[in-house]
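# Residue-level structural notes
If you want the building blocks of each chain, they are given just below.
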Amino acid sequence: MATTASAESTSTLERLSADKACVRMAAKGLRPIANQQSERFLGKVTEDTAECRGGKRAMAQRDTVWVDWANYWGTGDASSKAGGWESLTKLAKHLNPNGRGVDGALMDLEYQRMELLRFNLYDNKTYDIYIKGDGDMPGPVVKIWDAMRLPENNRYYQQVTNNKGQQVCTGELIRHRNITGICNDIFNPAMGASNQLFARNVSFDSTFPDMGANELVRNRHGNRLALLKPDPQVISRKLFTRQQHKPEACNQGQGLPDNAVSAECDYKKAPFFNVLAAYWIQFMTHDWFYHLREGQNTEARMPVGCSTQLVNNKEQALTPEQAAKLGCRPNDKVDVPFFAQKEPAPTFTHDGKTYLARAHRTTENTVTAWWDASQIYGFDELSEKRVKRDPNDPAKLLMQPRGSHTGAGEKLGYLPVFNSCENADTECLADPINPAWKGQEAAGFADNWTVGMSFYHNMFVREHNQFVDAFRAKAASMPNTDSGLRNPDKPNEVIPYKKVSAEELYQAARLVVAAEIAKIHTIEWTTQLLYDEPLYLGMNANWNGLVQKDNPVSKVLEKIVVNRLAKSGNEIKANQFYSVFASGAGIFGLGSHRYQEHARFLGHLSGKKDIWDLSNLEHVNGGINHFGSPFNFPEEFPTVYRLHPLLPDLLEFRDLKSPNTISKKVPVVSTFRGKATQAMTDGGLSSWALSMGRQRLGLLTLQNHAQFLQNLDLPRLQTETNKIDIAALDVIRDRERGLPRFNEFRRQYGLKQLTSYDDFIDKRVPTASAEYKEQHHLIKLLREVYGQHKCDASKVITDAQLNDDGSPINDCLGHPDGSIVDNIEDVDTVVGWLSEFTRPHGFAISETQFHVFILNASRRLFSDRFFTSSFRPEFYTSMGVDWVLNNGPDGKLYEAKESNGHKVEISPLKRIMLRTMPELKDQLAGVVNVFDPWARDRGNDYTLQWKPQKAAATDSSFR
């Protein structure tokens, strides 16, 4: 990985040539949005466009399969900038090479987002309507679906069903986030609720390739695929295992007795991302999706491999000696998953073409799909019973003193522990938990609990209570002042601070915390995950707009782009380009203001009277857009968050009193489930924040999975080994849920296909470097595991894309008919993106994962009215709205210095930490992004250097 760099001086000849290319590019105009899947953009631009935006560097990489924007000027560190001839005025900054490189990257990303919205929405309940329409309007602009009605057995069925049989949520059901996720969309009550079907982002025909359900799939894979073929444990041991130079000091991730500092588990480290970030994404996924039920799958068990491998391209049974050498276990078994539907998928016809109405199999998302902090507050009636309210103030969550630490945040307490009533009297009322969760701290979502989950749950519950305390203080000082809150049943009745009930305040605090979490993820976690200028601008655009509201450019965007859309006679086109104008005006808060003269305008107009009305349900619900397909996460989304390489085997614990010293190395596995409670008690919240904030996480790449995950004890399975290889299980679960293999997955998402394993190699890396040699070694292992075959050019393998010359893509992938080709079509999706050594600068994830993110990161904001038209005081309270917008009380606060050329607010997570753990003030003083290793010198121009800040010069991590 690059560390430090400086802008290269660009020759006058290259400058002139690039300028001429810009003229030719402009003369051709913007490319059209594709009308069909096979015409998609693929992230590849013309020669003129590449030269205009990136000069020789961009031209040199055009023949690779990877997106072009990553090679434009200004999209990486200082070395990506064109030096020596910058513009002299801000007015022309978008015309100079670095400006047009970044702008070009943003334009490419927007094209891809528009085409993802157009071609990658496949709902398992409503796809026939998406294709055929509902009789009154085309499918892509349908907004209400019968499939999103509450069933008759739902407790709220009568409440939402009117005398015409229509379902509309009103009253208390629209005031706040309901526990099961219903009534977020007022006219589609069941959308996003617990136990709705996962959707898909890929065509139903491409799912479950091991079934061989159609000719294209059979041509693509032959008979080479099955649930355990290629063998998942062999994949894990050959392609995922971290190599150790002192195996005894790692002890398979178990560390050494007494958490000795001499323990050592090697891992490939990311210099710009910390362990807080690894645990953050686990905290997020607990909110978004879940396939199990209360920590369980079905009672049936099945094998998980360690039975065969390819030897000289032929499948052979593993001998006991070979299995032992690999380290895999043939007697491991795992629970069989739940499926909602396994019977053959129904079909329908439209315009002479037959379609599958759903995927071959479906599963349910057993938690809410909304960004509603359900991991804290619960996602159904059972999980809600695990959430403990403070009996002295039901607006608060219960926190209790624990441990002997003395930091200022300690007085805010810790979560209580689940009550299992073990050895208790008959009067004891046990919490409704899986027995495996005994000893854990209380939370709505209790599965897969770790010290990282303990950290975030404790911190955000402290934040919830901080908001309640601030509200109570204002109610005491200004009791008769309008709180902003309203009751939809009495929309014109002012509710002063003193009249806000404990339940109303609890629900408002939940809205605030959920919005803070969404904001942190969007503009803080993601901008460090994707650490470069285009994504910094792009993610802030998702939240605030490409330019802030007080910037005249934003106003121009709103007036020109939005109003043109409002007048568009082409509803499908208007719906599609909603994505574009929302980036200009921002997504968060869309539709939360309405104006008499601009009825369909969803942005903000200063100086105009806001006529938004709580009694008008179109105003309450009107800011959302589902793009013709009900919102839920697709099955493809959980797989891009299979990020287990992020975790180290050992946590480097530091005491706040001596931050530059690692005092012990705690095995991650020793902080699971109930053990996390003692780990948190012993270490204290602030010292764990410091420890995880200082330590680098693992790179998402091959041979970098934590060893403890490959040898995880799981007694609940009650099998011969009571162990499981989580890395192998990741592969199995993706196959069970019908993900296309990697190459077809890329085609489905509008990315270029690979034609051999060698395409993974990063051609920008010097051929004499150790990094290049390692990549070649790993490609050799890929070939060993997945094999090769003799290709047949008569077999067409996909209809998602065409070759560059317009011909169908066949089994030979451009190689001569009958030649021996790599089985690149068989590579599992997770293996594929861990093999993507070619990535945009500062990307912790792969290009392929990122495109799944582009689509779904936007949709989960677009579809949620509490982030769009219902982000208002009537729901959040006036204090709540300001708290979210300003990252807490006391207005907006800014860092003393610019970062990467930007004036930046003190980030939302940093301010939450300072409120809930004030003792971290000194450690956070030099931190701009809490997910960047705290002691790293962040430098300028998105450098990835591993260099200490002055105060951390003695920290052994930098030696």
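Residues numbered from 1 in each chain as written. Predicted model: local features only at pLDDT ≥ 70, side-chain atom pairs only at ≥ 80, totals over all residues. Heavy atoms only, no water.

The protein chain is annotated in an unreviewed UniProt entry as Oxygenase of Methylomonas lenta.

## Some words on the domain arrangement of the protein chain
Quick reminder of the rule: Throughout, the edges of the domains are those of an automatic or database domain assignment.
In terms of domain boundaries, the protein chain breaks down into domain 1 (11-94) and domain 2 (374-506). Computed from C-alpha atoms alone, the centre-to-centre distance between domain 1 and domain 2 is 51 Å.

## Observations regarding helix α7 (residues 232-240)
We apply this condition: Think of it in three bands: residues with accessible area under 20% of the maximum for their type are buried, residues over 50% are exposed, and the middle band is partly exposed, with areas taken using a 1.4 Å probe on protein chains only. We count a stretch as a helix when DSSP gives it H or I for four or more residues in a row; a strand needs E for two or more, and each element gets its number in order from the N terminus. Note on definitions: a residue-residue contact is assigned when non-hydrogen atoms from the two residues lie within 4.5 Å.
Across the 9 residues of α7, 9 count as buried, placing the element largely inside the fold. Inspection of α7 places Pro232, Gln233, Val234, Ile235, Ser236, Arg237, Lys238, Leu239 and Phe240 among the buried residues, and these make up the whole buried set. The inward-facing, buried residues of α7 abut β6 (308-311), α10 (320-326), α22 (707-710), α23 (726-736), α25 (770-786) and α26 (829-834).

## Remarks on the pairing of strand β7 (residues 314-317)
Just so we agree on the cut-off: The pairing criterion for strands is at least two bridges between them, as found by DSSP.
Relative to β7, β6 runs antiparallel, the two sharing 4 bridges. When the bridges of β7 are listed, Val311 appears paired with Lys314.

## Re the side chain of Glu504
Going by this rule: Here a polar contact is recorded for every N or O atom pair within 3.5 Å, except that within protein the pair must consist of a potential hydrogen donor and a potential acceptor, and residues adjacent in sequence are included only if both atoms are side-chain atoms.
Assignment of secondary structure puts Glu504 in helix α14 (residues 502-529). With a relative accessible area of 19%, Glu504 lands in the buried category. Only 2.9 Å separates the side chain of Glu504 from the backbone nitrogen of Ser501, close enough to count as a polar contact. Not counting the four nearest positions on each side in its chain, Glu504 is found in contact with Arg175, Leu485, Ile495 and Lys499.

## Focus: the packing of α14 against helix α15 (residues 533-543)
The geometry of a pair of packed helices is captured by two quantities: the angle between their axes and the separation between those axes. Under the convention used in this document: Working convention: axes come from line fits to C-alpha atoms, limited for helices to the stretch in contact. Angles between N-to-C directions cover 0 to 180 degrees. Our angle categories are set so that under 35 degrees counts as roughly parallel, over 145 as roughly antiparallel, 65 to 115 as roughly perpendicular, and the remainder as oblique. Definitions for this section: a left-handed crossing has its near helix turned counterclockwise from the far helix by less than a right angle. A right-handed crossing has that turn clockwise. Just so you know the grouping, Ala, Val, Leu, Ile, Met, Phe, Trp, Tyr, Cys and Pro go in nonpolar, Asp, Glu, Lys and Arg go in charged, and all remaining residues, Gly too, go in polar.
Relative orientation of the contacting elements α14 and α15 amounts to 165°, with a least axis distance of 8 Å. The orientation of α14 relative to α15 falls into the category roughly antiparallel. Here α14 runs over α15; the crossing is right-handed. When α14 is examined against α15, the residues Ala515, Ala518, Lys519, Thr522, Ile523, Thr526 and Thr527 are found in contact with a partner set consisting of Leu535, Tyr536, Met539, Asn540, Asn542 and Trp543. Along the lines of polarity and charge, the residues of the contact of α14 with α15 split into 7 nonpolar, 5 polar and 1 charged.

## What to know about the pairing of strand β9 (residues 347-350)
Looking along a regular strand, one sees side chains alternate from face to face of the sheet. Pairing of β9 with strand β10 (residues 353-356) involves 4 bridges; the strand directions are antiparallel. Counted as the bridge partner of His350 is Lys353 from β10. Once β9 ends, the chain turns through 2 residues before running back antiparallel as β10, passing Asp351 with a positive phi of about 50°.

## Considering the pattern of salt bridges
The test is simple: Whenever a carboxyl oxygen of Asp or Glu lies within 4 Å of a side-chain nitrogen of Lys or Arg, that contact is scored as a salt bridge.
A complete count under the given rule lists 62 salt bridges for this structure. Asp393 serves as the salt-bridge partner of Arg472, at 2.7 Å between the closest nitrogen and oxygen. Taken together, the residues Arg472 in helix α13 (residues 451-477) and Asp393 in strand β13 (residues 393-397) connect sequence positions 79 residues apart. For Asp393, a relative accessible area of 14% puts it in the buried group. As a salt-bridge pair, Glu825 and Arg747 come within 2.4 Å of each other at their nearest N and O atoms. Pair noted here: Glu825 is in the loop between β20 (820-822) and α26 and Arg747 is in helix α24 (residues 742-748), with a separation of 78 residues, a long-range link. Both residues of the pair, Glu825 and Arg747, count as buried. Three or more residues are tied together by salt bridges with common partners; here these are Arg24, Lys28, Asp48 and Glu51.

## Quick notes on the packing of aromatic side chains
We apply this condition: A pair of aromatic rings is counted whenever rings of Phe, Tyr or Trp (Trp by its six-membered ring) have centres within 6.5 Å, and the orientation is called stacked for planes under 30 degrees apart, edge-to-face for over 60 and tilted otherwise. Placement of a positive charge over a ring is assigned whenever Lys NZ or Arg CZ falls within 6 Å of the ring centre and within 35 degrees of the normal to the ring plane.
Here the structure, examined in full by the defined rule, presents 51 aromatic pairs. Where Phe455 meets Tyr456, the ring centres are 5.1 Å apart and the plane angle is 75°; that geometry is what we call edge-to-face. Given a relative accessible area of 0%, Phe455 falls into the buried group. Between Phe843 and Phe850 the ring centres are 5.1 Å apart and the planes differ by 75°, which places this aromatic pair in the edge-to-face class. Accessibility classification places Phe843 together with Phe850 in one group, the buried group. One cation-aromatic arrangement involves Lys269 over Tyr267; the distance from NZ or CZ to the ring centre is 4.5 Å.

## Some points on the environment of Glu47
Take Glu47: it is sitting in helix α2 (residues 47-60). On the accessibility criterion, Glu47 (48% relative accessible area) is partly exposed. Beyond its immediate sequence surroundings of up to four residues, Glu47 is in contact with Met59 and Arg62.

## A short note on the state of the cysteines
Stated formally: The definition used for a disulfide is geometric: two cysteine sulfur atoms within 2.5 Å.
According to the stated counting rule, one finds 6 disulfides in the structure shown. The disulfide bridge from Cys169 ends at Cys183, spanning 2.1 Å between sulfur atoms. Across the S-S bond linking Cys169 and Cys183, the dihedral sits near -70°, which makes this disulfide left-handed. Placement of the pair is Cys169 in the loop between α5 (157-160) and β3 (196-197) and Cys183 in the loop between α5 and β3, with a sequence separation of 14 residues. Across this residue pair, the class does not change: Cys169 and Cys183 are buried. Disulfide pairing places Cys306 opposite Cys328 at an S-S distance of 2.1 Å. The S-S bond linking Cys306 to Cys328 shows a torsion near 60°; that makes this disulfide right-handed. Remark: Cys328 occurs in the loop between α10 and β8 (333-335) and Cys306 occurs in the loop between β5 (301-303) and β6; sequence separation between them is 22 residues. In terms of burial, Cys306 and Cys328 fall into one category: buried. Across the protein chain, the way the bonded cysteines pair up, counted in sequence order, is 1-2, 3-4, 5-6, 7-8, 9-10, 11-12.

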